[in-house]
Amino acid sequence: MPSVALAEVAGFLDDYLAVSRFPDYPNALNGVQVESSGPIRRVAAAVDASQAVIDQAKDWADLFIVHHGLFWGGLQPLTGRHFDRVRALVETNTALYSAHLPLDAHAEVGNSAVLARKLGFENLEPFGHFQGATVGWQGVVDAPLEALAHSLEEATGSRTQILPGGPEHVRTAAVVTGSGASALAEAAAAGLDLLVTGEAQHHHAIDAAELGVSVVLGGHYATETWGVKALARLLEQRFGIEARFVDSPTGL
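These figures come from a predicted structure and were not determined experimentally. (Residues numbered from 1 in each chain as written. Predicted model: local features only at pLDDT ≥ 70, side-chain atom pairs only at ≥ 80, totals over all residues. Heavy atoms only, no water.)

**Some thoughts on the packing of helix α1 (residues 6-16) against helix α9 (residues 226-239)**
Running from N to C, α1 and α9 cross one another at 125°; their axes reach a closest spacing of 12 Å. Considered as vectors, α1 and α9 are oriented oblique to each other. Helix-helix and strand crossings are classified by hand; for α1 and α9 the assignment is right-handed. The segment α1 lies against α9, with Glu8, Val9, Phe12, Leu13 and Tyr16 engaging Leu231, Leu234, Leu235, Arg238 and Phe239. For the contact of α1 with α9, the per-class residue count stands at eight nonpolar, no polar and two charged. (Axes fitted to C-alpha atoms, helices over the stretch in contact; angles between N-to-C directions. Helix = DSSP H or I, 4+ residues; strand = E, 2+ residues; numbered from the N terminus. Parallel < 35°, antiparallel > 145°, perpendicular 65-115°, else oblique. Left-handed = near helix turned anticlockwise from the far one by under 90°. Contact = heavy atoms within 4.5 Å. Nonpolar A, V, L, I, M, F, W, Y, C, P; charged D, E, K, R; others polar.)

**Here's the deal with unusual backbone geometry**
Although it is not a glycine, Leu29 sits at a positive phi angle of roughly 45°. With respect to the helices and strands, the residue Leu29 is situated in the loop between α1 and β1 (31-34). According to the relative accessible area criterion, Leu29 is partly exposed, its value standing at 45%. Its identity is not glycine, yet Asn123 carries a phi of approximately 55°, on the positive side. (Buried < 20%, exposed > 50% of the residue type's maximum accessible area, 1.4 Å probe, protein only.)

**Examining the sheet that holds β1**
Strand-to-strand pairing in sheets goes through backbone hydrogen bonds, with the strands running parallel or antiparallel. As summarised here, the arrangement of the five strands in space is β1-β4-β3-β2-β11, forming an open sheet in which the pairing is mixed. The open sheet terminates on both sides in strands that have one partner only, identified here as β1 and β11 (242-245). On average, adjacent strands in this sheet sit at an angle of 30° to one another, irrespective of strand direction. Sheet analysis places β1 next to strand β4 (residues 95-98), joined by three bridges and oriented antiparallel. Of the residues in β4, the one forming a bridge with Val34 is Leu96. Strands β1, β3 (63-68) and β4 of the sheet are contacted by α1, whose axis makes an angle of about 5° with β4. (Pairing = 2+ DSSP bridges.)

**Here's the deal with the pattern of salt bridges**
Counted under the stated rule, the structure contains four salt bridges. Ionic pairing is found between Glu242 and Arg42, a salt bridge with its closest N-O pair at 3.8 Å. Taken as a pair, Glu242 in strand β11 and Arg42 in strand β2 (residues 42-48) lie far apart in primary sequence, 200 residues in all. Of the residues examined, Glu242 reaches a relative accessible area of 32% and is grouped as partly exposed. Between Asp142 and Arg171 there is a salt bridge whose closest N-O contact spans 3.3 Å. With Asp142 in strand β6 (residues 133-144) and Arg171 in strand β8 (residues 169-175), this pair connects stretches of sequence that are 29 residues apart. (Salt bridge = Lys/Arg side-chain N within 4 Å of Asp/Glu carboxyl O.)

**Side note on the environment of Tyr221**
Along the chain, the position of Tyr221 falls in the loop between β10 (214-217) and α9. Taking C-alpha positions, Tyr221 is 24 Å from Leu192, a pair spaced 29 residues apart along the chain. In contact with Tyr221, not counting residues within four places along its chain, are Val47, Asp48, Phe245, Val246, Asp247, Ser248, Pro249, Thr250 and Leu252. Within polar-contact distance, the side chain of Tyr221 engages the backbone nitrogen of Ser248 at 2.9 Å. (Polar contact = N/O pair within 3.5 Å; in protein donor to acceptor, adjacent residues only side chain to side chain.)

**A few points about the nonpolar core**
One finds Leu63, Tyr97 and Leu235 to be the most contacted residues of the largest nonpolar core, which totals 27 residues. For this core, the secondary-structure elements that each account for two or more residues are α1, β2, β3, β4 and α9. Counting residues per element, this core draws most heavily on α9, which supplies seven residues. Leave out the neighbours within four places in its chain, and Leu63 touches Leu6, Val9, Ile40, Arg42, Val43, Ala44, Thr94, Ala95, Leu96 and Tyr97. Membership of the second largest hydrophobic core comes to 18 residues, among which are Leu148, Leu152, Val196 and Val216. (Core = buried A, V, L, I, M, F, W, Y, C linked by side-chain atoms within 4.5 Å.)

Below, the structure is given as structure tokens:
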């Protein structure tokens, strides 16, 4: 079975995702979060670095690639469930690499771009400004709102919800996966009919109606499986190593 050094995989991902040049939350800690000493033959891709995910693949994988890493709680003692996750990785000599906003934004393997293409959006352009960068994509489409919501439901396997505001027939739309409803005002300013995202707060339903932009919610988790899956396929093709997706939905 082909193998590759962790440093080579991590160096490729750092460059490909422009990790060092991309702004993010301080606790994202994009890049290698846990090192390992052995060669990388198998990669497990997942949305979250949860105990459930680690337990599913720690004895199979040499490397986890995740969207949400280990340190969202910030500086904290290495005790309790935080210690349990790190110990499981160290004891099985399994590395962990995390990519948050760099993976949301990427033009080829990013959550938003992959999902936008899946929904049939064309002429994609960057959209959704956050911390000095764009994390989503906008494009043109020609479909009824209900049909797009159904397409999202089929793509994700997750129930969708419509917050009405825009026209019943959509011609311009954007995707900002995860917690992207905060981009509603930007969508309105850009003259878009629709914003596709994962989740929203109560006030976003009012914002959608008053701004004239519909929102389709597909679930935070369900809209953010695309990037890690695409990265896993990319690593298979580039290095000849085996990769699989570890599904652990939260229902949100």
